[in-house]
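# Structure assessment
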Amino acid sequence: MKNIHRLVLRAVLSALVLCLPGLSAHADDLSDTLVYAGENEDTINPLLNNHQELPTIIFSGLMKYDAKGAPVPDLAESCSFDRPTNTYTFTLREGVTWHDGKPFTAEDVVFTYDALTKDKNLASSITSNYQDITSIAAPDARTVVFTLSQPNAAMLDNFTIGILPRHLFAGRDINTAPANQKPVGTGRYKFVDWDTAGGMIVLERNADYYGKVPSIKRIVYKTVAVESTKALMLRSGEADLAWLNAKYADTFRGDDNFRNIDFRTADYRS
């Protein structure tokens, strides 16, 4: 019997549903806290996570997305591309520190991308995004140079992946390192606590963040596996924000207590 391979490309509508300020059941006692009904997690590591909600705000990448979804420099102060040699050169920001106070340097960037391109044991679903990288060099503490084997139109998007702290992962198995459960990044929010029994991860804003410090002081991320439970948490005021599929998001439309923020995405399966 011949193997049959099926490719499916479809448009999917999902939505963030936001409980408007002042209308949450816990608005008075948690006025500086955002409670998010998220996905189940067992690790917080940008190289390993399928869901990037937490890694995106705890860790920073060389690039980030602006309000229009275009990649712009983040940990990088600037980025240049030499077309004849397929070479990207990043100049890093000065004075950036990890949440534990250690200085961020080019060695952290090289370590992260060496893991993505050379670590055969890395249990990551995104390593194929970096297979065109043939060399990574750090001429000094603020410069990182990537050479590609061929042009890659998605490379600036791929450079948004969060950078890992070398001092916490070097010499360890990245898949099982203790820092996966006590993450240390350079991003807008710092890890505080993980109550695995209660399914709750607590973050606080990073007062030393190199960019604009968030106005929301704390984020409580509740790990929820069931879509209907997320919707119930929003209704009861137990959560302020949740990512819901189209079916459950539609149940909040027309309710002045909630705001739907819709996202159209392409779902590709093979």
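Cut-offs applied
Residues numbered from 1 in each chain as written. Predicted model: local features only at pLDDT ≥ 70, side-chain atom pairs only at ≥ 80, totals over all residues. Heavy atoms only, no water. Helix = DSSP H or I, 4+ residues; strand = E, 2+ residues; numbered from the N terminus. Buried < 20%, exposed > 50% of the residue type's maximum accessible area, 1.4 Å probe, protein only. Areas by Shrake-Rupley, 256 points an atom, 1.4 Å probe, with all protein chains shown as cover. Pairing = 2+ DSSP bridges. Arc of directions from axis to C-beta. Expected span 1.5 Å × (residues − 1). Contact = heavy atoms within 4.5 Å. Axes fitted to C-alpha atoms, helices over the stretch in contact; angles between N-to-C directions. Salt bridge = Lys/Arg side-chain N within 4 Å of Asp/Glu carboxyl O. pLDDT = per-residue confidence, 0-100. Phe/Tyr/Trp six-rings, centres within 6.5 Å; stacked < 30°, edge-to-face > 60°.

In terms of helices and strands, the chain carries 6 helices and 13 strands. By residue count, 41% of the 270 residues in the chain fall in the buried class. When the accessible surface of the chain is totalled, it reaches about 14,800 Å², and 50% of it is carbon and sulfur.

A few words on the pairing of strand 5 (residues 76–82). Residues in a regular strand point their side chains to alternate faces of the sheet. Note that strand 5 and strand 6 (residues 87–92) share 6 bridges and pair antiparallel. Residue D82 lies in a different strand from strand 6, and its bridge partner there is T87. In textbook terms, the turn of a hairpin is the stretch between consecutive antiparallel strands, and for strand 5 and strand 6 this stretch comprises 4 residues, one of which, N86, has a positive phi near 50 degrees.

The next point concerns helix 5 (residues 227–236). Within the span of helix 5, buried status applies to K230, A231, M233 and L234. Around the axis of helix 5, the buried residues are gathered within 155 degrees of arc, so they sit on the same side. Directly beyond the C-terminal end of helix 5, a positive phi value near 90 degrees is found at G237.

Compared with an ideal rise of 1.5 Å per residue, which puts 13 residues at 18 Å, helix 2 (residues 106–118) spans 18 Å between its outermost C-alpha atoms and is within 8% of the ideal. Along its buried surface, helix 2 packs onto strand 6, strand 7 (133–140), strand 8 (143–148), helix 3 (155–158) and helix 4 (166–169).

What follows deals with the sheet that holds strand 8. For sheets, the rule is that strands pair by backbone hydrogen bonds, running either parallel or antiparallel. A sheet is described by the order of its strands in space; here 4 strands give the open sequence 5-6-8-7, paired in antiparallel fashion. Whereas interior strands pair on both sides, the edge strands pair on one side only; in this sheet they are strand 5 and strand 7. Neighbouring strand axes in the sheet, compared pairwise and without regard to direction, differ in orientation by 15 degrees on average. Packed on one face of the sheet, helix 2 meets strand 6, strand 7 and strand 8 and runs near 165 degrees to strand 7.

Time to look at the pattern of salt bridges. Applying the stated criterion to the full structure yields 9 salt bridges. The salt bridge involving K230 is made with E39; its shortest N-O contact spans 2.5 Å. Within this pair, whereas K230 is found in helix 5, its partner E39 is found in the loop between strand 2 (33–38) and helix 1 (53–58), the two being separated by 191 residues in sequence. For the salt bridge of K118 with D114, the shortest nitrogen-to-oxygen distance reads 3.3 Å. Residue K118 and its partner D114 are both found in helix 2; the two are separated by 4 residues, about one turn of the helix. For K118, a relative accessible area of 56% translates into the label exposed. We classify D114 as partly exposed; its relative accessible area is 23%. Put simply, E77, E94 and R142 are held in one network by salt bridges that share partners.

Time to look at the pairing of strand 8. The buried fraction of strand 8 amounts to 5 of the 6 residues, a majority that puts the element mostly inside the structure. Where strand 7 folds back on strand 8, the antiparallel hairpin that results is connected by 2 residues.

On to unusual backbone geometry, then. Even without glycine at this site, N86 takes up a positive phi of about 50 degrees. Within the fold, N86 resides in the loop between strand 5 and strand 6.

To continue, consider the confidence of the model for the chain. Fine structural detail should not be taken from predicted coordinates in areas where pLDDT scores are low. Per-residue confidence for the chain gives a mean pLDDT of 89, with 88% of residues at or over 70. Residue range residues 1–13 is modelled with pLDDT below 50. Its contacts to residues more than four positions away, or to other chains, number 26 contacts. The low-confidence segment residues 22–28 (pLDDT under 50) makes 13 contacts with residues lying over four places distant or belonging to another chain.

Moving on to the packing of aromatic side chains. Using the criterion set out here, one finds 12 aromatic pairs in the structure. Between the aromatic rings of F90 and F146, the centroid separation amounts to 5.8 Å while the plane-to-plane angle is 90 degrees, which identifies the pairing as edge-to-face. Of the two residues, F90 is situated in strand 6 and F146 in strand 8; the sequence distance between them amounts to 56 residues. F146 matches F90 in its accessibility class, with the two residues each being buried. Both rings, one in F90 and one in F159, keep their centres 4.9 Å apart while their planes meet at 75 degrees; by these two values the pair is edge-to-face. With a gap of 69 residues between them, F90 in strand 6 and F159 in the loop between helix 3 and helix 4 connect regions that are remote in the sequence. In this pair, the class of F90 matches that of F159, namely buried.

Once that is clear, we can look at the environment of V145. Among the secondary structure elements, V145 is positioned in strand 8. Between the C-alpha atom of V145 and that of T89, which follows or precedes it by 56 residues, the distance is 4.5 Å. Among all residues touching V145, those that are not within four sequence positions of it are T87, Y88, T89, S135, I136, A137 and P139.

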